[in-house]
Structure formats: structure tokens, C-alpha cells
Amino acid sequence: MSSGRIVSRISAAFQSLIQFEFGSLGDLIMNYYQEIRLGEGIIETILKDGISAQELRMSIEQAFQSSMRGSINRYLVDASSASSLIPLLSLYNLPQLFSSIGLSRSSRIAVLSSTSQRGKERAQFFVNVCANKGWQVKLFYRRSKARAWLLKE
């Protein structure tokens, strides 16, 4: 049997196993990823284009779980490349999620906004809602300024 056929059969078997365990392969693709910067004490979440409200909630829960393992309370949410279809009501309810998962009010969240008008408006709305509910959340358009604020004592 040629090596091409072996690889093809292994690939097909692997795909079948993944589909059995997790559903379709498309279900495994998330519109965000996270980087934990232990040396700086920052968890960075990079939102991708088309992120859903459910994925955003999952990213927050995942970041919080990661923060508990590393005693981190600084978060950078990079929405600079994401065009979101998330309803405003979902953004409005996110501070409630912060409380329900046990996020400390001393946590800092820097939001790196998209430069599109819609992105700016949604990011500002989210930051205002969080600030009105007592959370330390700030809006930025430059990564360097966001990181400087997070690292400031």
C-alpha cells in the first residue's frame, strides 16, 4: 500500500473519531484564542471575525479559569480585528457573567477596539456598562497603551 493511501486512511479514521467524540469538525473551530502571559500577569483574548455571543461568554469563562491557576487578574481583550454580530443586550449582560463566575472587582480589563465606527461604538457601550457596574474596564486603540495600563500598579 502506498504512503499516500495510508495517510488518507489514517486521516479518514481520525476525522471519524473526532466526529464521534465532538460532533462536526466545524464545532471545534472557535472565533477566539487566548495567550497566557505569566511573566506579565496578563491573559490576552484575541477575538476573531464573526465571534458569537456564546463564544464570547466561553472566552471569558476560559480566561477566568486560566487566571485562577496563575493568580492573574489582568485581561486584554483584543477586538481590533473582529467585526461582531453580538447583540447589544448580550454585551450589556456580560458584567453579570463576571459576577457569577467570581471575577474580582480588582481585576483590570483592557479592551482593544476595532477602528470601524460600529466596532468603536460597541466597545464604548461595553466599557460604559462595565464602568457603571463598578468594573475596571478601559477602552484603547493602541496595544502599547492598553498593556501599559494593565501593567501599571
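Residues numbered from 1 in each chain as written. Predicted model: local features only at pLDDT ≥ 70, side-chain atom pairs only at ≥ 80, totals over all residues. Heavy atoms only, no water.

Novice: So what's going on with the overall build of the chain? Residues and values would help.
Specialist: For the chain, the count of helices and strands is five helices and five strands. Per-residue burial for the chain yields a buried fraction of 37% across its 153 residues. The long-range fraction of contacts in the chain, counting pairs at least 24 apart against all pairs at least 6 apart in sequence, stands at 71%. Accessible surface, the chain as shown: approximately 9,100 Å² in total, 55% of it carbon and sulfur. (Helix = DSSP H or I, 4+ residues; strand = E, 2+ residues; numbered from the N terminus. Buried < 20%, exposed > 50% of the residue type's maximum accessible area, 1.4 Å probe, protein only. Contact = heavy atoms within 4.5 Å. Areas by Shrake-Rupley, 256 points an atom, 1.4 Å probe, with all protein chains shown as cover.)

Novice: Which residues make up the pattern of salt bridges, and what values go with them?
Specialist: In total, this model carries five salt bridges according to the counting rule given. In this structure, Glu35 engages Arg37 in a salt bridge whose closest nitrogen and oxygen atoms are separated by 2.5 Å. By relative accessible area, Glu35 is classed as partly exposed at 28%. Of the residues examined, Arg37 reaches a relative accessible area of 28% and is grouped as partly exposed. Linking Arg143 and Glu44 is a salt bridge whose minimum nitrogen-to-oxygen distance equals 2.5 Å. Here Glu44 lies in strand 2 (residues 42-47) and Arg143 lies in helix 5 (residues 143-151), a separation of 99 residues in the sequence. Arg143 gets classed as partly exposed once you look at its relative accessible area, which sits at 32%. The exposure class assigned to Glu44 is buried, which follows from its relative accessible area of 3%. (Salt bridge = Lys/Arg side-chain N within 4 Å of Asp/Glu carboxyl O.)

Novice: Can you tell me about the packing of helix 2 (residues 53-70) against helix 3 (residues 88-101), naming the residues and giving the values?
Specialist: In the contact formed by helix 2 and helix 3, the axes pass within 11 Å of each other and the chain directions differ by 25 degrees. By the angle between their axes, helix 2 is roughly parallel relative to helix 3. Regarding helix 2 and helix 3, the two cross each other, and that crossing is right-handed. Contacts between helix 2 and helix 3 pair Ala53, Leu56, Arg57, Ile60, Glu61 and Phe64 from the former with Ser90, Leu91, Leu94, Leu97, Phe98 and Ile101 from the latter. Here the residues of the contact of helix 2 with helix 3 sort into nine nonpolar, one polar and two charged. (Axes fitted to C-alpha atoms, helices over the stretch in contact; angles between N-to-C directions. Parallel < 35°, antiparallel > 145°, perpendicular 65-115°, else oblique. Left-handed = near helix turned anticlockwise from the far one by under 90°. Nonpolar A, V, L, I, M, F, W, Y, C, P; charged D, E, K, R; others polar.)

Novice: Could you give me a rundown of the side chain of Ser66, with the residues and numbers involved?
Specialist: Along the chain, Ser66 falls in helix 2. With residues up to four places along the chain from it excluded, the contact list for Ser66 reads Ile36 and Ile43.

Novice: Before we move on, can you summarise the packing of aromatic side chains with the specific residues and values?
Specialist: Applying the stated criterion across every chain, the model contains three aromatic pairs. Residues Phe98 and Phe126 carry aromatic rings whose centres are separated by 6.4 Å and whose planes lie at 85 degrees to one another, so their mutual orientation is edge-to-face. Here Phe126 lies in helix 4 (residues 117-132) and Phe98 lies in helix 3, a separation of 28 residues in the sequence. Here the two residues Phe98 and Phe126 agree in accessibility, since each one is buried. On the basis of an interplanar angle of 40 degrees and a centroid distance of 5.8 Å, the ring pair of Phe140 and Trp149 is categorised as tilted. Across this residue pair, the class does not change: Phe140 and Trp149 are buried. By the ring-pair criterion, three or more aromatic residues cluster together here, those being Phe98, Phe126 and Trp135. (Phe/Tyr/Trp six-rings, centres within 6.5 Å; stacked < 30°, edge-to-face > 60°.)

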